[in-house]
2 protein chains.
Amino acid sequence: MNHDTQINDAAYQVRLGARAGELTGPTANLAPGRVQANLAILPRALADDFLLFCQRNPKPCPLLAMSEPGSPALPELGHDIDIRTDIPRYRVWKDGQLIAEPTDVRDFWRDDLVSFLIGCSFSFEEAMQENDLPVRHIEQRRNVPMYRTNVPTQAAGVFKGPLVVSMRPLKAADAIRAIQVTSRFPSVHGAPVHFGEPAEIGISDIQRPDYGDAVDILPGEVPVFWACGVTPQSVVAAVKPEFCITHAPGHMLVTDLLNSRMAVF
Amino acid sequence: MNHDTQINDAAYQVRLGARAGELTGPTANLAPGRVQANLAILPRALADDFLLFCQRNPKPCPLLAMSEPGSPALPELGHDIDIRTDIPRYRVWKDGQLIAEPTDVRDFWRDDLVSFLIGCSFSFEEAMQENDLPVRHIEQRRNVPMYRTNVPTQAAGVFKGPLVVSMRPLKAADAIRAIQVTSRFPSVHGAPVHFGEPAEIGISDIQRPDYGDAVDILPGEVPVFWACGVTPQSVVAAVKPEFCITHAPGHMLVTDLLNSRMAVF
């Protein structure tokens, strides 16, 4: 993978703001052009299986980086990252139950924790917008609609469950261009996995997403479905690990990597 | 454009067979891996407009080569090509009327004739098959179904008219892969222009193509439409030039160029 390891001041300022407790809100539109990442922190005993799960399911789980056990640093993703403090808001889980939504997890830290940072659709949505392709949930100021499908992931150890997809409605010609544009970004979900008839992947009502908000589908548009980073979260949730930390939805790690450097050609 | 200018024996043998009058049938599946091309030969007085038409409409009219006036050679496309003899069967038109379907056009040759060689879908269909994507009309041993649309081309001088598209039915996941695969081949029609609802591009009955044969569309498949090399033929036919030569349908120029070298990445 091409990593841009130069320090980016805008991204670093976001992380320092989160670290200082000054930034506690969502990260959408912060440090434009920089890769944002989903977080899953698991005990070392589960880490090997989860790594294999990501390897087997690269479209929903494009792994950008995995930390050393106990280490809060992620040098591949940015300068001076402390994963315990640099995300604006976390969710802490015990035995599958949400126990806290703190702005820093130093008090919960353990020497056996391994951090997984997974690519996020913000990167390819930026590329879509640069191509004048509509991103409906952004236009409508909603969360992206997400759906559990009947498409199984490839299991690894205890981790298994259905693929979760996000949906963006597009006219056919725009969908063709969106397939081209997002194909360039395999490390942030890549090309769509389906378009058209929702029932073909087990979605019974497109206006009732399982996560996020419904969006309008205009005449002449078809729903286009991408593998979604909520897949690993739902798979982890189903396992009910004795301990786990994730980011709060929309509160991502802002890295120093350039979205444009994620493009493979 | 990357041209492979090495002599290819298989392609050359096809051309020599046509030249000798031994090969008079269609060229599908001859010299696998080599680019085949559509032909339009026009008087010099129309050539500038037609060149501009191709430039303005690169998806239906991807121009691989244009000859010098009066010259039967096409050195960019292959060794020792004589465009007057090297295609198995031609169509000769006067004032828009078909006057002959000879196997060689030396008797019709004029010093002011300019040859246009235009990319053909055989190249991207080969790439689709290499990706295990079904090409229904090949499976069903029919001609590809083609349709006049309500999408206008960009006019140039006397040349104008609707876009003609070819159609291949695919499941959505295969259509996504086909969009990726064919996007690599902009010089042979490239990515599709539409998928799904035929009426959106003015096609009233998918089972009644304007050219070629209808093919089966199976449950779960959507029609996927590519810009088609019949577009320039239909545009030329509408102009009724005082003189014109084309290839007979399916009887293409087999060039020395590699299909794989047409891929842009």
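Residues numbered from 1 in each chain as written. Chains lettered and ligands numbered in written order. Predicted model: local features only at pLDDT ≥ 70, side-chain atom pairs only at ≥ 80, totals over all residues. Heavy atoms only, no water.

The name an unreviewed UniProt entry assigns to chain A is Putative hydro-lyase HGR_05696, from the organism Hylemonella gracilis ATCC 19624.

A few words now on the packing of aromatic side chains. All names here are of chain B. Throughout the structure, instances matching the rule amount to 14 aromatic pairs over all chains. Their ring planes at 25 degrees and their centres at 5.2 Å tell us that F124 and W226 sit as a pair that is stacked. Here F124 is found in helix α3 (residues 122-130), whereas its partner W226 is found in strand β9 (residues 221-227), with 102 residues between them in sequence. Classification of F124 as buried rests on a relative accessible area of 0%. Between Y147 and F225, the aromatic rings sit 6.2 Å apart at their centres with planes inclined by 80 degrees, giving edge-to-face as the arrangement. (Phe/Tyr/Trp six-rings, centres within 6.5 Å; stacked < 30°, edge-to-face > 60°. Helix = DSSP H or I, 4+ residues; strand = E, 2+ residues; numbered from the N terminus. Buried < 20%, exposed > 50% of the residue type's maximum accessible area, 1.4 Å probe, protein only.)

With that settled, consider the packing of helix α5 (residues 172-183) of chain A against helix α5 (residues 172-183) of chain B. Direction vectors running N to C along α5 of chain A and α5 of chain B enclose 75 degrees, while the axes themselves pass 10 Å from each other. By the angle class used here, α5 of chain A and α5 of chain B are roughly perpendicular. Residue-level contacts link I176, I179, Q180 and S183 of chain A of α5 of chain A to I176, I179, Q180 and S183 of chain B of α5 of chain B. Looking at the contact of α5 of chain A with α5 of chain B residue by residue, the class counts come to 4 nonpolar, 4 polar and no charged. (Axes fitted to C-alpha atoms, helices over the stretch in contact; angles between N-to-C directions. Parallel < 35°, antiparallel > 145°, perpendicular 65-115°, else oblique. Contact = heavy atoms within 4.5 Å. Nonpolar A, V, L, I, M, F, W, Y, C, P; charged D, E, K, R; others polar.)

What follows covers the pairing of strand β5 (residues 113-119) of chain A. All names here are of chain A. Burial analysis of β5 places 7 of its 7 residues in the buried class, the great majority of the element. Where strand β1 (residues 34-43) lies against β5, 7 bridges are found, and the strand directions are antiparallel. Bridge assignment links A37 to a residue of β5, and that residue is G119. As paired elements, strand β2 (residues 63-66) and β5 share 3 bridges and run antiparallel to each other. The partner of M66 across the bridge, within β5, is F116. (Pairing = 2+ DSSP bridges.)

This paragraph deals with the packing of helix α3 (residues 122-130) of chain A against α5 of chain A. Residues and elements named next belong to chain A. Direction vectors running N to C along α3 and α5 enclose 130 degrees, while the axes themselves pass 9 Å from each other. Compared by their axis directions, α3 and α5 come out oblique. The two elements α3 and α5 cross, and the hand of that crossing is right-handed. Here F124, A127 and M128 of α3 lie close against α5, whose contacting residues are A178, V181 and T182. Each residue belonging to the contact of α3 with α5 can be placed in one class, and the counts come to 5 nonpolar, 1 polar and no charged. (Left-handed = near helix turned anticlockwise from the far one by under 90°.)

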